[in-house]
Amino acid sequence: MVEIQRNPTRPVRIGTVTIGADNPIAVQSMTATATQDVESTLAQIRALHDAGADIIRVAVDSKKDAEALAEIRKLLTCKGVRPNLAVDLQENYRLAAVLAPHVDKIRYNPGHLYHHEREKPWQEKVQFIAQSAAEHGCAIRVGVNCGSVDPAKVEAFDPDDSISPMLESALEHCAALDELGFTQFCVSLKDSDPQKVIEVNRRFAEARPDVPLHLGVTEAGMPPEGIIKTRIAFEQLISRGIGDTIRVSLTVSNARKPEEIEAGRSILADIAAGRVRSVVDYGLSTLNIISCPSCSRVENEAFVELAEDVKRMTDYAKDHDITIAVMGCRVNGPGETDDADLGLWCGPTYVNLKRGTETLGQFGYDEILSKLKAELDQLIDARGGAVAG
Ligand code: SF4
């Protein structure tokens, strides 16, 4: 076993699990069923719980979702099952008050606190969330995501610097929670590029060694590549004592979601045993397909199949330095495809195709692959057909 000196983070209790302060690194996952489909969501929570998930996150975007989650908690309690539940809030921060009695942690995204009640300062919204959490003994996660960073922070930095806006946004929210006297929080800083995940988390841990970190590579994609990308980031961070809870985000069908827990545990076991891969020349010198792990917001169940088809169809271009992003919904799809050479994000009956930030059109699920191939061929031609050396 390797002796890893963990960062001296403070303990944060999430239901029956405590993260930080040298506690074992907790492994978590997220449901991908429609939250209002109580039966399916309940079944997925149970499957993740049975697979050993320490914390299970559920997305809630509306009052109806919130009611469904409350009902799910009730049904679980009746069956004598008590998973640690985290809610993933999107724009409607006020749902925190409705949900706090039923969950153990509330995740909010600083970049999403602008959409509702625009005239209200974000500090007041954070105060509302913190008050709701404190009243019911919930923890909070400040979840900063590369595709939806606080616009004010993005504007304040060089467009080529995507790390500083994320970092500053996280630090600002930590300071706001400090000022409120709320200590039961952790932070996550996720990007789809493992190298950026490493850098931003290292910088954060240096600035705030007391705050527990939730690690993850967002839109890591399908196994095995998705696991490899995540493993690279986790090896670099956890071996330096950074990280108190993890999630491996994988694009897999609902039935295979527990694989996220298995992958997380096996990465942790390998790091602890010193079975660490050296960081091979990972990077963007070959085809890189990023795809979101899907969640209850996914707009068409065909998304996972589409992501698999994209991977198969683009195999011929595997030696080209091109990034293709495949996203499941309109909440994060438009922003998170901006940095890719080619992007797809799913609507209910159509898929949006993008080249960089430019939208090329909307196409049916049966025609999108041929459109993507045409764009990919054009891109390879435009770059002189050169493959990575
Ligand atoms: S892009 Fe949409 S569907 Fe995919 S994980 Fe993010 S929120 Fe969920």
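A few points on the structure. (Residues numbered from 1 in each chain as written. Predicted model: local features only at pLDDT ≥ 70, side-chain atom pairs only at ≥ 80, totals over all residues.)

Points about the site of the ligand
Rules: Near, as applied to residues and a molecule or strand, means the residue's backbone-placed C-beta atom lies within 6 Å of it. Side-chain classes follow a simple rule in which Ala, Val, Leu, Ile, Met, Phe, Trp, Tyr, Cys and Pro form the nonpolar group, Asp, Glu, Lys and Arg form the charged group, and the remainder, Gly included, forms the polar group.
In the vicinity of the ligand, the contacting residues are Cys292, Pro293, Ser294, Cys295, Arg297, Val298, Met327, Gly328, Cys329, Val331, Asn332 and Gly333. The class makeup of the residues in the shell around the ligand is seven nonpolar, four polar and one charged.

Focus: the packing of helix H7 (residues 194-207) against helix H8 (residues 225-238)
Operational definition: Interaxial angles span 0 to 180 degrees and are taken between N-to-C directions of axes, which are lines fitted to C-alpha atoms, for helices over the stretch in contact. Counting from the N terminus, the helices are the DSSP runs of H or I reaching at least four residues and the strands are the DSSP runs of E reaching at least two. Any angle that is under 35 degrees is reported as roughly parallel, and any over 145 degrees as roughly antiparallel; angles of 65 to 115 degrees are reported as roughly perpendicular and all others as oblique. Throughout, a crossing is termed right-handed when the near helix is turned clockwise from the far one, and left-handed when it is turned anticlockwise from it by less than a right angle. This entry defines residue contacts through backbone-placed C-beta atoms, with two residues in contact when those atoms are within 7 Å.
Two elements in contact, H7 and H8, have axes separated by 8 Å at closest approach and are oriented at 25°. Viewed along their axes, H7 and H8 adopt a mutual orientation that is roughly parallel. Here the hand of the crossing between H7 and H8 comes out right-handed. Side by side, H7 and H8 meet where Pro194, Val197, Ile198 and Asn201 of the first sit next to Lys229, Ile232, Ala233, Gln236 and Leu237 of the second. A per-class count over the contact of H7 with H8 returns six nonpolar, two polar and one charged.

Regarding the sheet that holds strand S13 (residues 342-346)
Keep this limit in mind: At least two bridges found by DSSP between two strands is the condition for calling them paired.
Here five strands make up an open sheet; going across it, the order is S11-S12-S13-S14-S15 and the pairing mixed. Unpaired on one side and paired on the other, strand S11 (288-291) and strand S15 (358-364) mark the two borders of the sheet. Put simply, the sheet's adjacent strands are angled 15° from each other on average, direction ignored. Here five bridges tie S13 to strand S14 (residues 350-355), and the two strands are oriented antiparallel to one another. Note that in S14 the partner of leucine 344 across the bridge is leucine 353. Packed onto the sheet, helix H10 (residues 303-313) meets S11, strand S12 (323-327), S13 and S14 and runs at close to 165° relative to S12.

Quick notes on the packing of H8 against helix H9 (residues 259-272)
Where H8 contacts H9, the axes come no closer than 10 Å and their chain directions differ by 40°. The angle between H8 and H9 places the two elements in the oblique class. For the pair H8 and H9, the sense of crossing is right-handed. In this structure, H8 contributes Ile227, Thr230, Arg231, Phe234, Glu235 and Ile238 to the contact, and H9 contributes Ala263, Ile267 and Ile271. Classifying every residue of the contact of H8 with H9 gives six nonpolar, one polar and two charged.

Focus: helix H12 (residues 368-382)
Basically, it comes down to this: Every helix has an expected span of 1.5 Å times one less than the residues it contains. A residue is called partly exposed when the number of other C-beta atoms within 10 Å of its own lies between 12 and 20, exposed at 12 or fewer, and buried at 20 or more, with C-beta atoms placed from the backbone. This arc is taken over the directions from the axis of the helix to the C-beta atoms.
Taking 1.5 Å per residue as the helical rise, H12 with its 15 residues ought to reach 21 Å, and the 21 Å between its terminal C-alpha atoms agrees with that figure. By the burial criterion, the buried members of H12 are Ile368, Leu372 and Leu376. Within H12, the buried residues cover an arc of 65° as seen down the axis, which keeps them to one side. Pointing more than 90 degrees away from the buried face of H12 are the exposed residues Ser370, Ala374, Gln378 and Asp381. Elements in contact with the buried residues of H12: H10, S13, S14 and S15. Positive backbone phi, at 75°, marks glycine 384, one or two positions downstream of H12.

What about unusual backbone geometry?
For the bond from proline 223 to proline 224, the omega torsion is 5°, close enough to zero to count as cis. With respect to the helices and strands, proline 224 occurs in the loop between strand S9 (213-217) and H8. In this structure, aspartate 22 is a non-glycine residue whose phi angle is positive, near 70°. Its location among the elements puts aspartate 22 in the loop between strand S2 (17-19) and strand S3 (26-30). Backbone geometry at glutamate 219 places phi at a positive 50°, although glycine is not the residue there.

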